[in-house]
Amino acid sequence: MAALGWLTPRRRSATARSVLAGEAAAEAARKSSLHAEQPAERSTDETLATTAEPEPAFPVVGDERAAAFFDLDNTVMQGAAIFHFGRGLYKRKFFQRRELTRFAWQQAWFRLAGVEDPEHMQDARDSALSIVKGHRVSELMSIGEEIYDEYMADRIWPGTRALAQAHLDAGQKVWLVTAAPVETATIIARRLGLTGALGTVAESVDGVYTGRLVGEPLHGPAKAEAVRALAAAEGLDLARCAAYSDSHNDIPMLSLVGHPYAINPDTKLRKHARALDWRLRDYRTGRKAAKVGIPAAAGVGALAGGTAAAVALHRRRR
């Protein structure tokens, strides 16, 4: 999208930059959603997500003022989208092997720790911005479709997908909310048959990336601002909406809605959710949640091969 008056962090407070990032994400999400005139076709493995029935009382069928907001990394998808995207760009010779090594280490740490490390995530975003600078938005969108098939399609949590499908079946809109680039998030949302995505907006001029962001990454408080802005534009009642996340960084977003869910929660979010009696669901281990709002689809695949290597690396570091 075109530049929206991007200013450096020194010129704006953190709160103002969060609002700017949130509003930019909401604008981009609504534009992409309005352009999608036909509903997305369901993929061949859609039946995995529809094997379970939702509770009769929630989500409420036909409630057009309700919607659902899903974090992406480790909530909908195993691992982080930006790392998988980086692998795909490396395969297409966008950058050198030393950059791939850094992406691989960040991904291993993410999967070992199960939480978003701000330093690692910021490093990955800076790398991605420098890599895409000067490339056309349309080029990266086309490549993103290929990367989804190569690295992301098999990493979707069936249980979380079932939750999203329950909202869609109730006639509600479902949005991804992620720090990943909005273009990548939009591709994932479309391929999953969701309404659209709120993501980090990279500045572009005449369809070419400048290597800067609009505001800041859509992370933490910025996600809450994006959800708030989209709800206002769509006429939603946040008290009737649901939000899903694995990270304590998303507590601001989860606290906005009337139906917060902790999915594959990190330690801090699990503690917070239990204290506030939020619903919990963990698809990583098969543990039953303390409170289960919507039954999940049966069967969750094991994490892909890098986990064992990450654990071994962790042990050596100890």
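Described below are features of the structure shown in this document. (Residues numbered from 1 in each chain as written. Predicted model: local features only at pLDDT ≥ 70, side-chain atom pairs only at ≥ 80, totals over all residues. Heavy atoms only, no water.)

Description of the pairing of strand β6 (residues 242-245)
The side chains of a regular strand alternate, first on one face of the sheet and then on the other.
Thought 1: Burial along β6 is two-sided: the residues Ala242 and Tyr244 and Ala243 and Ser245 are all buried.
Thought 2: Summarising the sheet, β6 and strand β7 (residues 259-263) pair through four bridges and their orientation is parallel. By the bridge assignment, Ala242 is partnered in β7 with His259. (Buried < 20%, exposed > 50% of the residue type's maximum accessible area, 1.4 Å probe, protein only. Helix = DSSP H or I, 4+ residues; strand = E, 2+ residues; numbered from the N terminus. Pairing = 2+ DSSP bridges.)

Comments concerning helix α10 (residues 267-276)
Thought 1: Leu269, Arg270 and Ala273 are the residues of α10 that are buried. Seen from one end, α10 has its buried residues packed into an arc of 100°, which puts them on one side. Turned more than 90 degrees from where α10 packs its buried face, Thr267, Lys268, Lys271 and Ala275 sit exposed.
Thought 2: In this structure, the buried residues of α10 make contact with β6, α9 (251-254), β7 and β8 (279-281).
Thought 3: Measuring from the backbone nitrogen of Lys268 back to the side-chain oxygen at the start of α10 gives 3.3 Å, which picks out Asp266 as the cap. (Arc of directions from axis to C-beta. Contact = heavy atoms within 4.5 Å. Polar contact = N/O pair within 3.5 Å; in protein donor to acceptor, adjacent residues only side chain to side chain.)

Some remarks on the packing of helix α2 (residues 81-91) against helix α5 (residues 137-152)
Thought 1: Contact geometry of α2 with α5 gives a least axis separation of 9 Å together with a crossing angle of 105°. Taken together, the axes of α2 and α5 are roughly perpendicular relative to one another. Within the contact between the two elements, α2 uses Ala81, His84, Phe85, Arg87, Gly88, Leu89 and Lys91 and α5 uses Leu140, Ile143, Gly144, Ile147, Glu150, Tyr151 and Met152.
Thought 2: Residues that form the contact of α2 with α5 fall into these classes: eight nonpolar, three polar and three charged. (Axes fitted to C-alpha atoms, helices over the stretch in contact; angles between N-to-C directions. Parallel < 35°, antiparallel > 145°, perpendicular 65-115°, else oblique. Nonpolar A, V, L, I, M, F, W, Y, C, P; charged D, E, K, R; others polar.)

Observations regarding the pattern of salt bridges
Thought 1: Taken as a whole and judged by the stated rule, the model has 15 salt bridges.
Thought 2: Where Arg212 meets Glu203, a salt bridge forms, and the shortest distance between an N and an O atom there is 2.9 Å.
Thought 3: The exposure class of Arg212 is partly exposed, given its relative accessible area of 39%.
Thought 4: Given a relative accessible area of 4%, Glu203 falls into the buried group.
Thought 5: Here Arg228 makes a salt bridge to Glu225, at a shortest N to O gap of 3.7 Å. Taken together, the positions of Arg228 and Glu225, both in helix α8 (residues 221-234) and three residues apart, correspond to about one turn of that helix. (Salt bridge = Lys/Arg side-chain N within 4 Å of Asp/Glu carboxyl O.)

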